[in-house]
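Structural overview for review
Single-letter residue listing:
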Amino acid sequence: MDALPVPGVDLDAAALLGLRHLTRRAAPSRATRLAARPGGIVTRRRGRGSEIDDVRLWADGDDIRHIDRNSTARTGVPHVRTFRDERERAVLLVADFRPSMLFGTKRAFRSVAAAEALTLVGWRASGEGGRIGLLAATADGEPDFVRPKGGERAMTGMVGVMARAHARALTQSDRADPPLDALIETAVGALPRGGHLVLASGLDGPGARFDEVVKAAMSRVSVSVLLIADAFETRAPKGVYAFLTREGRSGWLSGRDERPAGPDPRVERLNALGVPVFPIDSDLGAERVAPLLERLDAAR
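Attention here is on the structure that accompanies the text.

Quick notes on the rules
Residues numbered from 1 in each chain as written. Predicted model: local features only at pLDDT ≥ 70, side-chain atom pairs only at ≥ 80, totals over all residues. Heavy atoms only, no water. Core = buried A, V, L, I, M, F, W, Y, C linked by side-chain atoms within 4.5 Å. Buried < 20%, exposed > 50% of the residue type's maximum accessible area, 1.4 Å probe, protein only. Helix = DSSP H or I, 4+ residues; strand = E, 2+ residues; numbered from the N terminus. Contact = heavy atoms within 4.5 Å. Axes fitted to C-alpha atoms, helices over the stretch in contact; angles between N-to-C directions. Parallel < 35°, antiparallel > 145°, perpendicular 65-115°, else oblique. Left-handed = near helix turned anticlockwise from the far one by under 90°. Nonpolar A, V, L, I, M, F, W, Y, C, P; charged D, E, K, R; others polar. Arc of directions from axis to C-beta. Pairing = 2+ DSSP bridges.

The subject of this paragraph is the nonpolar core. Across soluble globular proteins, you tend to see nonpolar side chains buried next to one another. In terms of nonpolar packing, the biggest core is built from 47 residues, with L93, F97, L134, M162 and L226 touching the most fellow members. Within the residue set of this core, elements represented by two or more residues are β3 (90-96), α5 (110-127), β4 (131-137), α6 (152-170), β6 (196-201), β7 (222-229), β10 (277-281) and α11 (286-293). With residues up to four places along the chain from it excluded, the contact list for L134 reads L92, L93, A95, D144, F145, V146, M158, V161 and M162.

On to the packing of helix α8 (residues 210-218) against helix α10 (residues 265-273). Their axes nearest at 10 Å, the elements α8 and α10 cross at an angle of 40°. Our classification of the angle between α8 and α10 gives oblique. In the packing of α8 onto α10, the handedness of the crossing is right-handed. Across the interface between the two elements, F210, D211, V214, K215 and M218 of α8 pack against R269, L270 and L273 of α10. Its residues placed into classes, the contact of α8 with α10 shows five nonpolar, no polar and three charged.

To continue, consider α11. The complete set of buried residues in α11 reads A286, V289, A290 and L293. Down the axis of α11, the sector holding all buried residues measures 110°, keeping them to one side. Taken together, the buried residues of α11 touch α2 (20-24), α5, β7 and β10.

Once that is clear, we can look at the environment of D68. Relative to the helices and strands, D68 is located in the loop between β1 (51-57) and α4 (69-75). Taking the C-alpha atoms as reference, D68 lies 9.0 Å from R56; in sequence the two are twelve residues apart. Apart from residues no more than four positions distant in its own chain, D68 is found in contact with V55, H79, V80 and R81.

Of all the five residues making up β10, four are buried; the element is thus mostly covered by neighbouring parts of the structure. Of the pairings in the sheet, the one linking β7 to β10 comprises five bridges and is parallel in character. Bridged to A229 within β10 is D281.

For the rest of this paragraph, the subject is α8. Along α8, the residues that are buried comprise F210, V213, V214 and A217. Axial view of α8: buried residues confined to an arc of 95°, hence all on one face. Tucked into the core, α8 has its buried residues touching α7 (180-189), β7 and α10.

What follows covers the packing of α5 against α6. Close contact between α5 and α6 brings their axes to 10 Å; oriented N to C, the two are set at 170°. It follows from the interaxial angle that α5 and α6 lie roughly antiparallel. Contacts between α5 and α6 involve S111, V112, A115, L118, T119, G122, W123 and S126 from the first element and E152, M155, V159, M162 and H166 from the second. When the residues that make up the contact of α5 with α6 are grouped by side-chain class, the tally is seven nonpolar, five polar and one charged.

With mixed pairing, the six strands of this open sheet are ordered in space as β5-β4-β3-β6-β7-β10. Single-partner strands in this sheet number two, and they are β5 (144-150) and β10. With direction set aside, neighbouring strand axes in the sheet form an average angle of 15°. Relative to β7, β6 is paired through six bridges, and the arrangement is parallel. Counted as the bridge partner of H196 is S222 from β7. Against the sheet, α10 touches β7 and β10, its axis set at about 175° to β7.

Now for unusual backbone geometry. The phi angle at L203 is positive, at roughly 60°, despite the residue not being glycine. By the element assignment, L203 lies in the loop between β6 and α8. In this structure L203 comes out as buried when scored by relative accessible area, which is 10%.

Inspection of the sheet shows β4 paired to β5 by five bridges, in the antiparallel sense. Residue I132 lies in a different strand from β5, and its bridge partner there is K149.

The structure is reproduced here in structure tokens:
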């Protein structure tokens, strides 16, 4: 008989699908209101677009470079091609399910909080006409990938892949974290130019090339980070605490009964790179996280 899911430890796909109602309450993002088409990126549009929309008869003033040779030769009458701009928002959600994220002291593991936050981002972007994809990293170095697609069906499939990746990650909690820099390179390669990469992570084990990779990524796509932290990292009660994992690994953790002095070095590092960062406490439920993520639109 299969074990029942443990709330806050196991990732419940049905619960993630149920988060859609939280995004319906929010007003449409500023990006959607200002964009040339639903789901578009707010950028300065230049040129005629890249996708052929139609072929029509030549008219005075048309650019001769747009003449369609095939139609002109077939009919003996000049025809020109018209174009449309097909640049719609493509968002790739990058879920960090490496062993360091499989940790939590109150409501949920950091990995579960990351999945919830990314799902909220996905539902909102999908509702605004964007294409949503997923890259979920585990300890085995083989990330689960879902190519960006549009519509409710795409979000449903993505949530299922995310839940399966998390279940596999829970069996790998005794392994070392692969570096994040290689994951980010893979994610950027899966996005079209002008897309948006949203990483949910605690930024443990970023890798020696993290800064270099992020700077290169930002020249091609926009990058945002949902920085997931557990209460034990920010306000741990003073004392020494024993822990035991599902796999039988045990150890000790110490608390200081005070908040760390000064700003979070992870936030400072991302700010120095010019990356918008959104700190999220894993103790908060999705109801309280959803309003915080509305600021993500202003950062694009």
